[in-house]
Amino acid sequence: FTDGTYESIHSQTKELCGRATFEALSSEVVRRHPESPDPNEVLECLAERGYRIEGDDCCVVTVRATPVDSALVSNEAACTLEDVDRVSSVCEQRLLGAGWPEAAVMGVRLLVAEYVANVVRHGGVSPTDSFHCAVFMYGDFCRVFVRDPGRSWNFLGRIARSAMPALNSENGRGLALIQAIAKQIDFSRMERYNYARFDVERDWTGGIVAK
């Protein structure tokens with residue numbers, strides 16, 4: 001966090017927030033959402049308590065490090081449609097074995113299959129390239145990570161432009177399905193890899209509506 005956060009001034013008392021108050025508010029947010037604290041909520045808490053956060057640069061970042069050995073699934077596989085199907089099947093089997101509802105499990109399998117198949121078909125990869133898929137469980141949701149060496153593209157921008165095309169259309173169907181299944185999507189590129197993160201809720205029931 002930047003110093004503008006704890007140096008914000010109260011609109012009525014004109015007192016500085018101070019480190020102790022700021023850290024107490026941040027701790028409240030983490031306690032409410034231990035698996036996925038939202039940094040924006042910290043700033044909202046400051047504003048709700050009367051502190052003016054517009055007077056200086058206020059930035060809050062949350063970082064979570066997840067041990068790889070805690071993954072329910074962690075698979076490195078070739079960029080082929082056969083391996084895409086195999087890895088998505090492993091995700092299905094492991095989640096079912098962990099007691100997840102069948103509808104949500106099929107949602108995860110479909111999401112993995114659609115995303116990585118899109119990489120294989122359109123990402124400029126070859127069968128000698130590999131992708132990595134990992135799944136972590138966090139109580140009422142699971143988090144799917146995919147790393148692939150496909151070409152750079154604006155995944156989130158493409159989803160926004162897809163405007164949920166008809167599900168009986170091949171063009172954009174995978175993006176529409178992914179958007180319908182995942183509660184939250186994050187996408188980034190570092191060096192020559194794309195990194196995608198999808199959160200799927202345990203109570204997802206397959207609510208996909210075709211337009």
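As a reminder, the structure under discussion sits directly above these lines.
Residues numbered from 1 in each chain as written. Predicted model: local features only at pLDDT ≥ 70, side-chain atom pairs only at ≥ 80, totals over all residues. Heavy atoms only, no water.

Peer 1: Hey, could you go over a negative patch on the surface for me, with residue numbers and the actual values?
Peer 2: Judged by side-chain charge, Asp 3, Glu 7, Asp 56 and Asp 57 come together as a negatively charged surface patch. By secondary structure assignment, the location of Asp 3 is in helix α1 (residues 3-6). (Patch = residues over 30% accessible without salt bridge, like charges linked within 9 Å, V, L, I, M, F, W, Y side chains within 5 Å. Areas by Shrake-Rupley, 256 points an atom, 1.4 Å probe, with all protein chains shown as cover. Salt bridge = Lys/Arg side-chain N within 4 Å of Asp/Glu carboxyl O. Lys, Arg positive; Asp, Glu negative; His and termini not counted. Charge placed at Lys NZ, Arg CZ, Asp CG, Glu CD. Helix = DSSP H or I, 4+ residues; strand = E, 2+ residues; numbered from the N terminus.)

Peer 1: Account for the packing of aromatic side chains, with residues named and values stated.
Peer 2: Scanning the entire structure with this criterion turns up 11 aromatic pairs. For the pair Tyr 115 and Phe 198, a centre-to-centre distance of 5.4 Å together with 65 degrees between the ring planes defines the contact as edge-to-face. With Tyr 115 in helix α5 (residues 102-122) and Phe 198 in strand β7 (residues 193-201), this pair connects stretches of sequence that are 83 residues apart. Note on Tyr 115: relative accessible area 1%, which makes it buried. The exposure class of Phe 198 is buried, given its relative accessible area of 0%. Ring pairing ties together the aromatic residues Tyr 115, Trp 153, Phe 155, Phe 187 and Phe 198, which thus form one cluster. The ring of Tyr 6 is capped by Arg 19, whose NZ or CZ atom sits 5.2 Å from the centre of that ring. (Phe/Tyr/Trp six-rings, centres within 6.5 Å; stacked < 30°, edge-to-face > 60°. Buried < 20%, exposed > 50% of the residue type's maximum accessible area, 1.4 Å probe, protein only. Lys NZ or Arg CZ within 6 Å of the ring centre and 35° of its normal.)

Peer 1: If you had to explain the packing of helix α2 (residues 19-32) against helix α3 (residues 39-48) to someone new, which residues and values would you point to?
Peer 2: Following both chains from N to C, one finds α2 and α3 inclined at 130 degrees, their axes separated by 9 Å at the closest point. One finds that α2 runs oblique with respect to α3. As for the relative orientation of α2 and α3, their crossing is right-handed in sense. Counting all contacts with α2, which are made through Phe 22, Leu 25, Ser 26, Val 29 and Arg 32, the residues of α3 involved are Glu 41, Val 42, Cys 45 and Leu 46. (Axes fitted to C-alpha atoms, helices over the stretch in contact; angles between N-to-C directions. Parallel < 35°, antiparallel > 145°, perpendicular 65-115°, else oblique. Left-handed = near helix turned anticlockwise from the far one by under 90°. Contact = heavy atoms within 4.5 Å.)

Any link to function would need more than the numbers given here.
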